[in-house]
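# Residue-level structure breakdown
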Amino acid sequence: MVTEQQVWDALREVEDPEIPVISVVDLGVVRDVRVDDGTVHVEFTPTFLGCPALEVMREQMAAKIEELGAEPEVEVILDDSWSTDRITPEGREKLRRSGFSPPAPREATTPKLVQLQSGAFRCPYCGSTETKLENIFGPTPCRSLRYCESCRQPFEQFKTI
Amino acid sequence: MSERAQRLIEYADDELVLGWRDSEWTGIAPFLEEDVAFSSIAQNEVGHARALYELAARDLGTTADELAFDRSPEEYRSSPFVEPRRLDWAETIARHVLYETADELRLEALKASDDEEVAGLAAKMDREEAYHRIHAQMWEERLREEPRFQAALDELWPAVVAVLPEELRPKLAERMNRELPSNTVLLSLERGNHAEEWPALWEEMTEVRRSVPGAAW
């Protein structure tokens, strides 16, 4: 019979299709894994509700579980239990090394314009905080575009949710 | 249909239709940043519609796709406010500012709901909508002095009031610093009415689905 540890290990091989440096486990979107005889139940929390990568991740997780010889049951949890705070420290480091600035910590209230315009965001290339907001939106819903005034490099900043 | 399913579908219809209209800016917004912004906002709104339809679909024993695309035009509950095609940028931003302000009130009310599923989903949506509100606020500050923008706000004001349930309308008037329109004005703007463009939009939205009924894509 499959163990929960084997399932977690297998899920570590499922990449985010839009940011392949990071796995679904690094991303923190797997909330729970339960093995019940031959069935593996996974609780999956979406990042952004409109993210097209979610379907791909769900299918790939199910395929990995089938490879282990078990019946997958991936349940999508439609609540606020995922936050960018759930990205693991390893995941944040992988993002930073790939030129994505990791998200700032979540606060009790939702972000305000003044925070996005503040100097709290660090360039993933040179480490400077002399960066400015270029566009709240970017190539995917989870990212914003910023520009580093120090090394003159545009970069992608993970939105905090 | 339960009151809960009805409310979820109304909300989902608003988000689906507005998301569709927002997506029409992809490639033709005044500059590239706004192509990106409106495409992303559209994607979020359609994602919210899907999640809301999914909750309603579980109650009704159907699927989100069936709710989104298999109803007749009269069965949709979208507000006439979200339906018109706005090709003028000032009008688009006015609608964006008004909708996001109203939507924040709707989400606040749902987050405080005793229904844990609805409150949980509203909290999730609100985290994403915060970025739409910031985007709307930036544009509002930029266009505040523009007569075309102000005229669009005046014109659209009565219709956005009708997006919200009655108990939330006074709060919206307070937040926008405007007077509530009379019931006579609101009559033709309430849900159940549709904008002139609605039948054409319905045709377009459901065309692929209707071409091969029941197909799995």
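These numbers come from a predicted model, not from an experiment.

What follows covers the overall build of chain B. Helix and strand counts for chain B stand at 9 helices and 0 strands. Reading the secondary structure of chain B in the N-to-C direction produces α-α-α-α-α-α-α-α-α. Dimensions of chain B, computed from the C-alpha atoms along their principal axes, are close to 50 × 40 × 35 Å. Out of the 217 residues belonging to chain B, those deemed buried represent 41%. Within chain B, residue pairs in contact and separated by at least 24 positions form 72% of the contacts whose partners lie at least 6 positions apart.

A separate point is the overall build of chain A. Along its length, chain A carries 5 helices and 9 strands. Listed N to C, the secondary structure of chain A is α-β-β-α-β-β-α-β-α-β-α-β-β-β in terms of helices and strands. Principal-axis analysis of the C-alpha atoms gives chain A an extent of 55 × 30 × 25 Å. The buried share among the 161 residues of chain A stands at 40%. Looking at chain A alone, contacts between residues at least 24 apart form 55% of all its contacts between residues at least 6 apart.

Turning to the sheet that holds strand β5 (residues 71-76) of chain A, a few remarks are in order. Residue and element names in this part refer to chain A. Spatially, β3-β4-β5 is the arrangement adopted by the 3 strands of the open sheet, whose pairing is mixed. The sheet is open, and its two borders are formed by β3 (30-36) and β5, each paired with just one other strand. Here the average twist between neighbouring strands, direction ignored, is 15°. Here β3 pairs with strand β4 (residues 39-44) via 6 bridges, running antiparallel. Looking across to β4, one finds that Val35 is bridged to Val40. Contacts between helix α1 (residues 4-11) and the sheet are confined to β3 and β4, with β3 contributing the most and set at about 140° to the helix. In this fold helix α3 (residues 53-67) packs onto β4 and β5, with an angle of close to 155° to the strand it touches most, β5.

Attention now goes to the domain arrangement of chain A. Residues and elements named next belong to chain A. Considered domain by domain, chain A is made up of domain 1 (4-76) and domain 2 (99-158). Each of domain 1 and domain 2 has a C-alpha centre, and the two are 28 Å apart. Each partner contributes to the interface: domain 1 provides 6 residues, whereas domain 2 provides 4 residues. Each residue belonging to the side of domain 1 that touches domain 2 can be placed in one class, and the counts come to 3 nonpolar, 2 polar and 1 charged.

Moving on, we get to the nonpolar core. Ranked by size, the top nonpolar core spans 87 residues in total, and within it Val24 and Met61 of chain A together with Ala12, Leu52, Tyr53, Ala56 and Val160 of chain B carry the most contacts. When residues in this core are grouped by element, the largest group, 12 residues, is from helix α2 (residues 32-60) of chain B. The two domains that each donate at least three residues to this core are domain 1 (4-76) and domain 2 (99-158) of chain A. If we skip the residues at most four places from it in the chain, Tyr53 of chain B touches Ala12, Ala64, Leu67 and Ala68 of chain B.

What follows is about the sheet that holds strand β8 (residues 143-148) of chain A. Residues and elements named next belong to chain A. A sheet is described by the order of its strands in space; here 4 strands give the open sequence β6-β9-β8-β7, paired in mixed fashion. For this open sheet the edge positions go to β6 (100-101) and β7 (131-135), each flanked by a neighbour on one side alone. Relative to β8, β7 is paired through 4 bridges, and the arrangement is antiparallel. Bridge pairing in β8 places Asn135 opposite Leu145.

This part is about the interface of chain A and chain B. Counting from both sides, the interface comprises 19 residues of chain A and, opposite them, 27 residues of chain B. Residues that form the side of chain A that touches chain B fall into these classes: 11 nonpolar, 4 polar and 4 charged.

What follows is about the packing of helix α1 (residues 3-23) of chain B against α2 of chain B. Residues and elements named next belong to chain B. Where α1 contacts α2, the axes come no closer than 8 Å and their chain directions differ by 155°. Here α1 is positioned roughly antiparallel relative to α2, judged by the angle of their axes. Between α1 and α2 lies a crossing whose hand is left-handed. Here the contact of α1 with α2 is built from residues that sort into 17 nonpolar, 4 polar and 5 charged.

A separate point is the pairing of β4 of chain A. All names here are of chain A. Only one face of β4 is covered, namely the face carrying Val40, Val42 and Phe44; the face carrying Thr39, His41 and Glu43 is uncovered. Counted between consecutive antiparallel strands, the loop separating β3 from β4 contains 2 residues, among which Asp37 sits at a positive phi close to 55°. Judged from the 6 bridges that link them, β4 and β5 form a sheet pairing that is parallel. Residue pairing across strands places Val40 opposite Pro72, the latter belonging to β5. Between β4 and its parallel partner β5, the chain crosses via α3, and the hand of that crossover is right-handed.

Each value, and the rule that gives it
Residues numbered from 1 in each chain as written. Chains lettered and ligands numbered in written order. Predicted model: local features only at pLDDT ≥ 70, side-chain atom pairs only at ≥ 80, totals over all residues. Helix = DSSP H or I, 4+ residues; strand = E, 2+ residues; numbered from the N terminus. Buried ≥ 20, exposed ≤ 12 C-beta atoms within 10 Å, placed from the backbone. Contact = placed C-beta atoms within 7 Å. Pairing = 2+ DSSP bridges. Axes fitted to C-alpha atoms, helices over the stretch in contact; angles between N-to-C directions. Domains from an automatic or database assignment. Nonpolar A, V, L, I, M, F, W, Y, C, P; charged D, E, K, R; others polar. Core = buried A, V, L, I, M, F, W, Y, C linked by C-beta atoms within 7 Å. Parallel < 35°, antiparallel > 145°, perpendicular 65-115°, else oblique. Left-handed = near helix turned anticlockwise from the far one by under 90°. Right-handed = clockwise from strand over helix to strand, strands pointing away.

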